Amino acid sequence: QVQLVESGGGLVQPGGSLRLSCAVSGIIFRIKAMGWYRQAPGKQRDLVATITLGGSTNYADSVKGRFTVSRDNAKNTVYLQMDSLTSEDTAVYYCNLETWGDLYYWGQGTQVTVSS
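Not measured: the values here are computed from a predicted model.

**A closer look at the pattern of salt bridges**
Pairs may arise between side chains of opposite charge once their charged atoms sit close together. This structure, assessed with the given rule, holds 4 salt bridges. Notably, a salt bridge pairs Lys64 with Asp61, separated by 3.2 Å at the nearest N-O pair. Asp61 sits in the exposed class, given a relative accessible area of 64%.

Below, the structure is given as structure tokens:
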């Protein structure tokens, strides 16, 4: 079984920072990319950031300049450094893994709440 486990979520004040981690348990071949999505209450799940094993990144316009995605290929782990957080960043953040065979795996999500 393949399992993605997120960690690092929690409550943070506006302007603060948070670092999320996503580790893969099990072995998956032909990984194309890993990344992060988020979903606020009553809204759809949207892309936050993705990164290929080659290092190419993609960010949502709303987080450019504030969030940074990185990865450790040997551990099949992806990170999301979030700075200058605002209330608009409040959401459940989901880790995602995509294979070259067009298969997708998701973590259970971790809550990020930005509030004073």
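**Considerations on the nonpolar core**
Grouped together as the largest cluster of nonpolar side chains are 29 residues, with contacts concentrated most on Trp36, Leu80, Met82 and Tyr93. For this core, the elements supplying multiple residues, two or more each, are strand E3 (18-25), strand E4 (31-39), strand E5 (46-52), strand E7 (67-72), strand E8 (77-82), strand E9 (91-99) and strand E11 (110-114).

**A few points about the packing of aromatic side chains**
Within the structure shown, the criterion is met by 1 aromatic pair. Above the ring of Trp106, the side-chain terminus of Arg45 is found at 4.8 Å from the ring centroid.

**Digging into the sheet that holds strand E1 (residues 3-7)**
Taken in spatial order, the 4 strands of this open sheet run E1-E3-E8-E7, and their pairing is antiparallel. The two strands at the open ends of the sheet, each matched to only one other strand, are E1 and E7. On average, each strand axis in the sheet is tilted by 15° relative to the strand beside it, whichever way the strands run. Sheet analysis places E1 next to E3, joined by 5 bridges and oriented antiparallel.

Rules used throughout
Residues numbered from 1 in each chain as written. Predicted model: local features only at pLDDT ≥ 70, side-chain atom pairs only at ≥ 80, totals over all residues. Heavy atoms only, no water. Salt bridge = Lys/Arg side-chain N within 4 Å of Asp/Glu carboxyl O. Buried < 20%, exposed > 50% of the residue type's maximum accessible area, 1.4 Å probe, protein only. Core = buried A, V, L, I, M, F, W, Y, C linked by side-chain atoms within 4.5 Å. Helix = DSSP H or I, 4+ residues; strand = E, 2+ residues; numbered from the N terminus. Phe/Tyr/Trp six-rings, centres within 6.5 Å; stacked < 30°, edge-to-face > 60°. Lys NZ or Arg CZ within 6 Å of the ring centre and 35° of its normal. Pairing = 2+ DSSP bridges. Axes fitted to C-alpha atoms, helices over the stretch in contact; angles between N-to-C directions.

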